[in-house]
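What follows is the residue order along each chain.
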There are 2 protein chains.
Amino acid sequence: MREVNIMVGGILELVPLDQLRTRANQIWIGVDYGATFLLDHGITPQVALGDFDSTPAPLLQRLEERGISLTTFPPEKDYTDTQLGVKRAFLDYQPDWVNIYGATGGRLDQLLSNLYFPLLEEFQPYLDRLRLIDRQNEVTYYWPGEYTIEKLPEMKYLAFVNLTPVKGLTLPDEKYRLTNFDAEVPISWSSNEFVGEVNHFSFQDGVVAVIQSRDWGAR
Amino acid sequence: MREVNIMVGGILELVPLDQLRTRANQIWIGVDYGATFLLDHGITPQVALGDFDSTPAPLLQRLEERGISLTTFPPEKDYTDTQLGVKRAFLDYQPDWVNIYGATGGRLDQLLSNLYFPLLEEFQPYLDRLRLIDRQNEVTYYWPGEYTIEKLPEMKYLAFVNLTPVKGLTLPDEKYRLTNFDAEVPISWSSNEFVGEVNHFSFQDGVVAVIQSRDWGAR
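Quick notes on the rules
Residues numbered from 1 in each chain as written. Chains lettered and ligands numbered in written order. Predicted model: local features only at pLDDT ≥ 70, side-chain atom pairs only at ≥ 80, totals over all residues. Heavy atoms only, no water. Helix = DSSP H or I, 4+ residues; strand = E, 2+ residues; numbered from the N terminus. Rg over C-alpha atoms; globule rule 2.2 N^0.38 Å. Buried < 20%, exposed > 50% of the residue type's maximum accessible area, 1.4 Å probe, protein only. Contact = heavy atoms within 4.5 Å. Areas by Shrake-Rupley, 256 points an atom, 1.4 Å probe, with all protein chains shown as cover. Lys, Arg positive; Asp, Glu negative; His and termini not counted. Charge placed at Lys NZ, Arg CZ, Asp CG, Glu CD. Least-squares fit on C-alpha atoms with pLDDT ≥ 70 in both. Pairing = 2+ DSSP bridges. Axes fitted to C-alpha atoms, helices over the stretch in contact; angles between N-to-C directions. Expected span 1.5 Å × (residues − 1). Phe/Tyr/Trp six-rings, centres within 6.5 Å; stacked < 30°, edge-to-face > 60°. Lys NZ or Arg CZ within 6 Å of the ring centre and 35° of its normal.

**Student:** Sorry, what's going on with the overall build of chain A here?
**Tutor:** Helices and strands together make up the secondary structure of chain A, namely 5 helices and 14 strands. Here the C-alpha radius of gyration of chain A, 18 Å, is about what a compact globule of 219 residues would show, namely 17 Å. Taken over the C-alpha atoms alone, chain A extends approximately 55 × 35 × 30 Å along its principal axes. When each of the 219 residues of chain A is scored for burial, the buried share is 54%. Across chain A, contacts joining residues at least 24 apart in sequence account for 62% of those joining residues at least 6 apart. For chain A, the accessible surface area stands at approximately 9400 Å², while carbon and sulfur atoms represent 48% of it. Side chains of chain A give 19 positive and 31 negative charges; the mean places of these two sets differ by 6 Å.

**Student:** Would you take a moment to explain the relation of the copies chain B and chain A for this structure?
**Tutor:** Each of the two copies of the chain can be brought onto the other by a rotation about an axis and a shift along it. Superposing chain B onto chain A requires a rotation of 180° together with a translation of 0.0 Å along the rotation axis, leaving an RMSD of 0.0 Å. The two molecules are tied by a two-fold rotation axis, judged by turn and shift. Looking at the interface residues of chain B, 100% of them are also at the interface in chain A, so both copies use one shared face.

**Student:** I tried to follow the sheet that holds strand β12 (residues 187-192) of chain B on my own but got confused; where do I start?
**Tutor:** Note: strands within a sheet are paired through backbone hydrogen bonds, in either parallel or antiparallel orientation. Residues and elements named next belong to chain B. The sheet built from 10 strands is open, its strands ordered β4-β3-β2-β1-β5-β6-β7-β14-β9-β12 with mixed pairing. Looking at strand neighbours, the two that pair on one side only are β4 (69-72) and β12, the edges of this open sheet. Recorded for the sheet is a direction-independent mean angle of 20° between the axes of neighbouring strands. Note that strand β9 (residues 157-162) and strand β14 (residues 208-213) share 6 bridges and pair antiparallel. Each bridged residue has a counterpart across the sheet, and for A159 the counterpart in β14 is I211. Along the sheet, helix α4 (residues 81-93) makes contact with β1 (3-7), β2 (27-31), β3 (47-50), β4, β5 (97-101) and β6 (130-133), crossing β2 at roughly 150°.

**Student:** Hey, could you run me through the pairing of strand β10 (residues 166-171) of chain B in this one?
**Tutor:** Within a regular strand, the side chains alternate between the two sheet faces. All names here are of chain B. Burial runs high along β10: 5 of the 6 residues are buried. Pairing between β10 and strand β11 (residues 178-183): 3 bridges, direction antiparallel. Bridge pairing links L169 to F181 in β11. Connecting the antiparallel pair β10 and β11 is a turn made up of 6 residues.

**Student:** Hey, could you run me through helix α4 (residues 81-93) of chain A in this one?
**Tutor:** Helical periodicity: at 3.6 residues per turn, an α-helix aligns residues three or four positions apart in one direction. Compared with an ideal rise of 1.5 Å per residue, which puts 13 residues at 18 Å, α4 of chain A spans 18 Å between its outermost C-alpha atoms and is within 8% of the ideal. Directly beyond the C-terminal end of α4 of chain A, a positive phi value near 40° is found at Q94 of chain A.

**Student:** Is there a simple way to explain the sheet that holds strand β6 (residues 130-133) of chain A in this structure?
**Tutor:** Residues and elements named next belong to chain A. The 10 strands are arranged β4-β3-β2-β1-β5-β6-β7-β14-β9-β12 in an open sheet whose pairing can be described as mixed. Every interior strand has two partners, whereas the edge strands, β4 (69-72) and β12 (188-192), have only one. Across the sheet, the mean angle separating the axes of adjacent strands is 20° when strand polarity is ignored.

**Student:** Could you clarify how one ought to interpret the packing of aromatic side chains in this entry?
**Tutor:** Two measures describe an aromatic ring pair: the distance that separates the ring centres and the angle between the ring planes. The final tally for this structure, using the stated rule, is 22 aromatic pairs over all chains. A centroid spacing of 4.7 Å and a plane angle of 65° characterise the contact between Y142 of chain B and Y147 of chain B, whose relative ring orientation is edge-to-face. By relative accessible area, Y142 of chain B is classed as buried at 14%. Every member of this aromatic cluster is reached through a ring pair, and the members are Y79, F90, F117, F123 and Y126 of chain A. Here R107 of chain A stacks its cationic end above the ring of Y157 of chain B, 3.5 Å away from the centre of that ring.

Now the structure itself:
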């Protein structure tokens, strides 16, 4: 199982540092200030990219001295920072999973851009191999089908969010159940919980995000 | 113009305290710990409601002693805390605008629930009179039509987010323009900016959220 990790230069206080340590030997891509953040935490990314307009010159030099492959984009570009990282991850490494850190918190327009971009035609081929991760949340994406999901030990809550219109959403064995639900608008079925360590869900049309989460300060 | 404000007991560090001071003499509704937070900041809410399971007994007593109308709900209820506050605001006060504080940050399932609930049939009549506000963001909602929007002096960025499929989204005079754009999936057109103090937009079908935002630490 090949995992590639992307550190975006967002709200870095929300990054779970324990996961960085666990994944230190995996492949890392640093976007903008995210590359410097990785070096500061003992991880040398294979690739650094971005406009680097928030990275001071000495820090940029440090990236170069470490032999990191550096790609610079103009500040006004066709892709967001997160999208640039994801394109690079899939084109260079053929990963089974791409974990995205630093993409949540703060400005809601950026957060929603990071939540929604897998729905764009260009990124749809990657949709079910992407995870957004911060200290309180892990988001995964699903095409129509029947699924078994496993509880993350550190998380308490489980949520199903139809990011698009959905048909037949069924939660058969969670704490709060749902049978064959159709919705024309997005709904966040929040604050559900696993019953046991493994639960199931299914739907026939649309895209559903699953969010496992916990309260701030938990654990 | 009658404005009613709701303080939800979310991530209260994100609440813009300067706005609380400005709105101190308006009507306030405190939900759960939000009611205590208001008292702590010199505002006596007209109404307090919630399950209050995160409010210690002495603080609950303080609310009662201030003569605040207190309504208690069981922890497992049919509405979220935010929805309870919004229902109460519209049923009791016939407001022109309802400003919601404390509803962002932290758990993404709760944030999305707070972002999406105006799309539910029961809340659609209120959709274009709701605002979600935190230190970095102000979100408003629009039905199809042609609109003039004003720049909030404290915000830098402007974003258009079709929360549902959209037809004909046109941004004629913003920094980054868009003409007659159709989308089947939600897209966050983030990091746009006003040109001048007033700009326009229009669309023919769907629901669009407008987000004005700024970086953390700005101003």
